[in-house]
Amino acid sequence: MKYTVMIPAAGSGKRMGAGQNKLFLEIGGQSILYHTIGVFQDDPYCNEIILAVRPDEQPIIQGILEQHGGSKTITFVEGGDERQNSVAACIEAYKGDGIVLVHDAARPFIDLSLIRELVHTAHEKGAAIAAVRAKDTIKIVENSMVKQTLNRERLWMIQTPQAFRYELLKEASEAAIQDNFLGTDESMLVERLGHSVQIVESSYDNVKMTTQEDLALGEILLERRK
Ligand code: CTP
Ligand code: MG
């Protein structure tokens, strides 16, 4: 089943501390952004790629796209101050319907089987998100004191891609804007409408390149994929 992907790429990568958008840092000699976009360029089921970027970075990103090649329609939109605003700009720019995926540009290690399952589940249920089981015990802490230990059996670490019927995502995004609600993922926006969201079990390889250690891990993951 066909889908469109919305990719927020307009961050600054503060936690990476590279003094530039972390998406331009390289793994295996190619930028993080190159790897992420490549997955969708090479997926015959991907119809269109909508990219939220900082306008001053668009020329560099266009260069990265040309390097990879591919025949997909790429639509650029201007990113916002927060990730959610960048995704909202993508949602607003989209002209079609059907299933859309939201995927962080900073997660280059996704595979097609995960995408297939997310798209299929979102088509059936409306919303489906990638997640892995929490490995560590997670506690709620206040002023360095443990307040509560959560039951690990029920805890999942949420990733992207997150897949939605477009109409549902649009409604959720517009409601969040209306209510000045800022979430940390798109699922939260759909949850607050009272709509159910299905988990699709993903892989621990689907890491978000966030800090320097992640780059070293990225090199290993890329090597393993070859
Ligand atoms: N993003 C975006 N617009 C923003 C902030 C983030 O499009 N205003 C994008 C990033 O480019 C990234 C994804 O959202 O692909 C996930 O965000 P994150 O990993 O937090 O990246 P940054 O915000 O760039 O990093 P940091 O939080 O360390 O500054
Ligand atoms: Mg961020």
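The sections below set out a description of the structure shown in this document. (Residues numbered from 1 in each chain as written. Chains lettered and ligands numbered in written order. Predicted model: local features only at pLDDT ≥ 70, side-chain atom pairs only at ≥ 80, totals over all residues. Heavy atoms only, no water.)

**Observations concerning the state of the cysteines**
Joining two cysteines, a disulfide is a covalent bond between their sulfur atoms. By the definition in use, this model includes 0 disulfides. With no disulfide of its own, Cys-46 lies 13 Å from the sulfur of Cys-90, the closest cysteine sulfur. Given the relative accessible area of 0%, Cys-90 is considered buried. (Disulfide = S-S within 2.5 Å. Buried < 20%, exposed > 50% of the residue type's maximum accessible area, 1.4 Å probe, protein only.)

**Side note on the site of ligand 1**
Close to ligand 1 lie 19 residues, the nearest being Gly-13, Lys-14, Lys-22, Ser-86 and Lys-208. The contact in question runs from an oxygen atom of ligand 1 to an N or O atom on the backbone of Gly-11, over 3.0 Å. For ligand 1, a nitrogen atom lies 3.1 Å from a polar atom in the backbone of Asp-81. Here ligand 1, which alone exposes 560 Å², has 89% of that area covered by the protein. One can see that ligand 1 is located within the largest pocket. When its residues are assigned to classes, the shell around ligand 1 shows 6 nonpolar, 5 polar and 8 charged. (Near = heavy atom within 4 Å. Polar contact = N/O pair within 3.5 Å; in protein donor to acceptor, adjacent residues only side chain to side chain. Areas by Shrake-Rupley, 256 points an atom, 1.4 Å probe, with all protein chains shown as cover. 1 Å grid on protein atoms, 1.4 Å probe; cavity = no way out; pocket = protein on both sides within 12 Å on 5 of 7 lines; lining within 4 Å. Sits in = over half its atoms within 2 Å of the grid points. Nonpolar A, V, L, I, M, F, W, Y, C, P; charged D, E, K, R; others polar.)

**Some points on the packing of helix α3 (residues 83-93) against helix α5 (residues 166-178)**
Across the interface, α3 lies against α5 with an axial gap of 10 Å and an inter-helix angle of 130°. As the angle between them shows, α3 and α5 are arranged oblique. Every pair of crossing elements has a handedness; the one defined by α3 and α5 is left-handed. Residues Gln-84, Ala-88 and Ile-91 of α3 lie in contact with α5, whose contacting residues are Tyr-166, Leu-169, Lys-170, Ser-173, Ala-176 and Ile-177. For the contact of α3 with α5, a count of residues per class yields 6 nonpolar, 2 polar and 1 charged. (Axes fitted to C-alpha atoms, helices over the stretch in contact; angles between N-to-C directions. Helix = DSSP H or I, 4+ residues; strand = E, 2+ residues; numbered from the N terminus. Parallel < 35°, antiparallel > 145°, perpendicular 65-115°, else oblique. Left-handed = near helix turned anticlockwise from the far one by under 90°. Contact = heavy atoms within 4.5 Å.)

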